[in-house]
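# A closer look at the structure
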Amino acid sequence: MRPVILLLVAVLSPLLGAAPSRAAVRIEVAADRPGAAVSPTMWGVFFEDINYGADGGLYPERVKNRSFEFADPMMGWTISTPVGKGMGAVTVASTSPLHAKNPKFLRLELPQNGGVRLANEGFFGVAVEKGERYRFSIACRCDAAVPPEIEVTILGKEGRPLGSGVIRGLQPGWKSREVMVRSTATDPKARLVVTVTGTGNVDLDMVSLFPVKTWKDRAGGLRSDMVQLLADLKPGFIRFPGGCIVEGHHLALRYQWKETIGPISERKLLVNRWNSEFKHRPAPDYYQSFGLGFFEYFQLCEDLGSEPLPILNCGMACQFNTGELVPMNELEPYLQDALDLIEFANGPTSSPWGQRRAAMGHPEPFGLKMIGIGNEQWGPQYVERYAAFSKVLKARHPEIRLIASAGPRPADDLFHFLWPKLRELRADIVDEHCYDRPAWFFDSASRYDGYDRAGPKVFMGEYAAQSDKVVSVLNRNNWECALAEAAFMTGLERNADVVVTSSYAPLFGHEEGWQWRPNLIWADNLRSYGTPNYYVQQLFSRNRGDRMVPVAIQGQVPATAAAPGLYASATRDDSAGELILKVVNSAPGAVKAEIALTGIRRVGRAGKAIILRSDDLRAENSLEQPQRVAPVTETWRPTGPVFIREFPKWSMTVLRLPVKR
Ligand code: AHR
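The following paragraphs examine the structure supplied in this document. (Residues numbered from 1 in each chain as written. Predicted model: local features only at pLDDT ≥ 70, side-chain atom pairs only at ≥ 80, totals over all residues. Heavy atoms only, no water.)

This brings us to the overall build of the protein chain. When helices and strands are tallied, the protein chain shows 10 helices and 34 strands. Rg of the C-alpha trace for the protein chain: 28 Å, near the compact-globule value of 26 Å for 661 residues, within the 12% margin. With respect to the three principal axes, the spread of C-alpha positions in the protein chain is 100 × 60 × 45 Å. A buried classification covers 60% of the 661 residues belonging to the protein chain. Taking all contacts inside the protein chain whose residues are at least 6 apart in sequence as the whole, residues at least 24 apart take part in 77%. With the model as given, the accessible surface of the protein chain reaches about 25,000 Å², and the carbon-plus-sulfur share is 52%. (Helix = DSSP H or I, 4+ residues; strand = E, 2+ residues; numbered from the N terminus. Rg over C-alpha atoms; globule rule 2.2 N^0.38 Å. Buried < 20%, exposed > 50% of the residue type's maximum accessible area, 1.4 Å probe, protein only. Contact = heavy atoms within 4.5 Å. Areas by Shrake-Rupley, 256 points an atom, 1.4 Å probe, with all protein chains shown as cover.)

What follows concerns the pairing of strand β13 (residues 237-240). By the alternation rule, side chains of β13 split into Phe 237 and Arg 239 and Ile 238 and Phe 240, which are all buried. Pairing of strand β2 (residues 44-46) with β13 involves two bridges; the strand directions are parallel. Paired with Val 45 across the bridge in β13 is Ile 238. (Pairing = 2+ DSSP bridges.)

This part is about the pattern of salt bridges. Per the counting criterion, the structure on display carries 40 salt bridges. Its salt-bridge partner being Glu 307, residue Lys 369 comes within 2.8 Å of it at the nearest N-O pair. Placement of the pair is Lys 369 in the loop between α5 (352-359) and β17 (370-373) and Glu 307 in strand β16 (residues 307-312), with a sequence separation of 62 residues. As a salt-bridge pair, Asp 449 and Arg 494 come within 3.0 Å of each other at their nearest N and O atoms. Here Asp 449, found in the loop between α8 (438-443) and β20 (457-465), pairs with Arg 494, found in helix α9 (residues 479-494); they are 45 residues apart in sequence, far enough to count as distant. (Salt bridge = Lys/Arg side-chain N within 4 Å of Asp/Glu carboxyl O.)

Further remarks concern the packing of aromatic side chains. Here a ring pair, both rings aromatic, is described through the centre-centre distance and the interplanar angle of the planes. On inspection of all chains with the given rule, the structure shows 40 aromatic pairs. Here the guanidinium or amino end of Arg 239 rests over the ring plane of Phe 46, the centre of that ring lying 4.0 Å away. A cation sits over an aromatic face here: Arg 281 above Trp 514, 3.6 Å from the ring centre. (Phe/Tyr/Trp six-rings, centres within 6.5 Å; stacked < 30°, edge-to-face > 60°. Lys NZ or Arg CZ within 6 Å of the ring centre and 35° of its normal.)

Strand order in the open sheet formed by three strands is β22-β23-β24, and the pairing between neighbours is mixed. The open sheet has two edge strands, β22 (508-510) and β24 (528-530), and neither has a second partner. Between one strand and the next, the sheet's axes are offset by a mean angle of 20°, whatever the strand orientation. By the bridge criterion, three bridges tie strand β23 (residues 521-523) to β24 in an arrangement that is antiparallel. Residue Ile 521 lies in a different strand from β24, and its bridge partner there is Gly 530. Contacting β22, β23 and β24, helix α2 (residues 224-233) runs over the sheet at an angle of about 15° to β24. (Axes fitted to C-alpha atoms, helices over the stretch in contact; angles between N-to-C directions.)

Let's shift gears to the site of the ligand. Residues in contact with the ligand, as listed here, are Phe 46, Glu 48, Gly 243, Cys 244, Trp 274, Asn 375, Glu 376, Tyr 435, Glu 462, Pro 506 and Trp 516. Measuring from an oxygen atom of the ligand, one finds a side-chain N or O atom of Glu 48 at 2.6 Å. Cys 244 is positioned with one of its backbone polar atoms (N or O) 2.8 Å from an oxygen atom of the ligand. When isolated, the ligand has an accessible area of 290 Å², and the protein chains bury 96% of it. (Near = heavy atom within 4 Å. Polar contact = N/O pair within 3.5 Å; in protein donor to acceptor, adjacent residues only side chain to side chain.)

With that out of the way, let us pick up the sheet that holds strand β26 (residues 551-554). Pairing within the open sheet is mixed, and its four strands lie in the order β26-β1-β29-β33. The outermost strands of the open sheet, each flanked by one partner alone, are β26 and β33 (642-647). Taken pair by pair, the neighbouring strands of this sheet meet at an average axis angle of 25°, ignoring direction. As paired elements, strand β1 (residues 25-29) and strand β29 (residues 591-597) share five bridges and run parallel to each other.

Laid out in C-alpha cells, this is it:
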C-alpha cells in the first residue's frame, strides 16, 4: 500500500467508522479518473433460431407445419374419419394456391355425409393454459352448394375436450376465417383436432392456433414469458437471426431477410439448418415459418430499447458444411440485400423498402446503426467478400458500422489470419467467438488488456463456458461456468474502450428440443427460466454504468484457473451519481479485501450490494427451481471511501455506491 494512502486510511478510519485494514488484498478504484465511455451496446443478446428458439419457442404458434410446406407435407398431422361419417379423401394439392410462396394446401373431398378429422401434435404438444383464449384461424375455400362445416377442438392429453369452436359458411374463394377457443384446463401436451363434415370439396391452408395472450398482446405476437426474460436483461442490442442459420448448409438454403417480411402466408418456409446438423440430436420437424421475421426482430428491439444488429449472408454458405461460395462477379444481389435492408429499416416511407415497412405498420424508421457481414466466416474468400461489402456500404451508408468475422475460435490460425486483414480494411468492429472450458474464461480475463487501442473495436459476439466441451450433450449451465464467464466479463468491462459489444450464445433452448447446450434461457411449452449464466449477464447489463473506472487489485497474483482469487472491474453511473464495482471471487473460500476509492470525499449511506453465489459449483437452475442461483440484493452502509468487505467463496458481487468527489 502506498504511504500516502496508508496515512489517509489511518486518519479517516476512526472518523468514518471504517474497519482497520486487515485484508491482504486491496482493490484500488480510481474513482476520480473515469476513463472512456462504456458503450450502451456493451451487453446484449444473440438470438438464433436454434433449439426451437423461434418456432416452438419465442413464436408461439401452436400448430406444427400449419402450411403443409414441410418436405413431408403431412408431418405433424394425422388423418382419420369421424365416427358415423363417410371417409373423405385427403390430398396435398397445389393448384391455385393461397400464394405462390406458399404453394401447397390440403384438399378434402367429402362424400355424401362425409368427414375428415385432422389432428395436429403441435411442438412437443399443443400447450394451453386454463382460462386463456386461443385464436384458431384457417384459410379455406369450398365450392359446395351447402358448404361443409369445420369444428375445432383442443383435446387434452387424456382425450378430454378442453375447448371448441365452429366455423360455417365457407366460400368459393380463399378466405381466412377464425374462431376463439377458450381452454378449460392447463395442458402442455394437448392436441388440436380440426373436423370437417359435410359434402363436397374443401381446401385448407395456414391452420393456426395462436394464444391471444402474447407480448404486448399483439395478434400473432411473441411469447410473453420468454420476451419478459429478455426485457429483464435490458439488452443493449439484439443480434439476429444467427448464427450459422444465416449461412445455410448451402446457399440456396441461406437466410434471406426479404422472405421473412409481409403477410405471414406469403413468407416462404425454409428448413432450419439445425434440422439435420447433429446426428445425435436430429430434429426432422424443425423448419422456419418466419412468423418471427425481420420486421418482428426490429419491433422487438424497439420494444426492449435495444439496438438492432442484423447479420447478413455475405455470399458464403456455412464453412462447417459445404462452404459454397458466390463467385465475386455474382455478389451483387447480396450487396443489394444489404442496401435494401438499410432502406427497410431506416428509409423514408417514400422509398420502396421504407414503404414496405410502413405497410407493415411502422412508418417511423427503426434506427439501424450496425450490420454484421457474414456470421462466422474465415479465409481469404471471406476477406474478399467483406471488402466488397465494405466498399459499397461505406460509400453509400457511412453512418452504418460494419461488423466483420474473426472466425469460429478466439486464437487459432484462422483468427490470426483474419485480424490483420480486417485491420487493413478498417473494419469498424471485429466479431470474436469463444466457446471453451471454464478454465479458458478464468484465464482470459486479461485477454483485452494488451489489445491495440487504435484498430477495430471488438464484438465478443458469441461466448459461453462449456462444462464438458463444444457440441457435447453433457454441457451444463452450472454455476462454475457462470462464474467463469463473470470473471471473463470483468475483463471485457475493464477494456470497454476496445470491447464495445458482447453476447452470450446461444440464447434459448427448449427442454425437449435442444440441439446445442449450454443456453442462456431454457423453456418448455409453458414455462421458462434464466440460468446462473443469465443472472451473470443480467448483473453486468443492469449495472453497466456510463464510464469505465480503472481498478487495480493488489496483494494477490492475478487470478487464473490455477490461482483462483478476485477479479474486478468498475464503472460510474453518471445519472445516478454512483460508482459500480463488480468483484468475482473464484476462490473456494471467502476473501476479505480492502476497497479504496481514490479521489472520493464522501460516500452516501444508501449503498447496495447485489450478490450472486452458490456453495456448489455444479448448481443449476431448472423449471422446478428457477431461482436456485439468483441474485440477492442487500442494502448496505459503506463506511467511507476506504472500507473492508468480505467476498464469499465462488461469488459475484456488485457494489453500488453513491459517491461525491
Ligand atoms: O451458437 C451456436 C453456433 O455456434 C452459432 O450458430 C455459430 O455462429 C457458432 O458456431
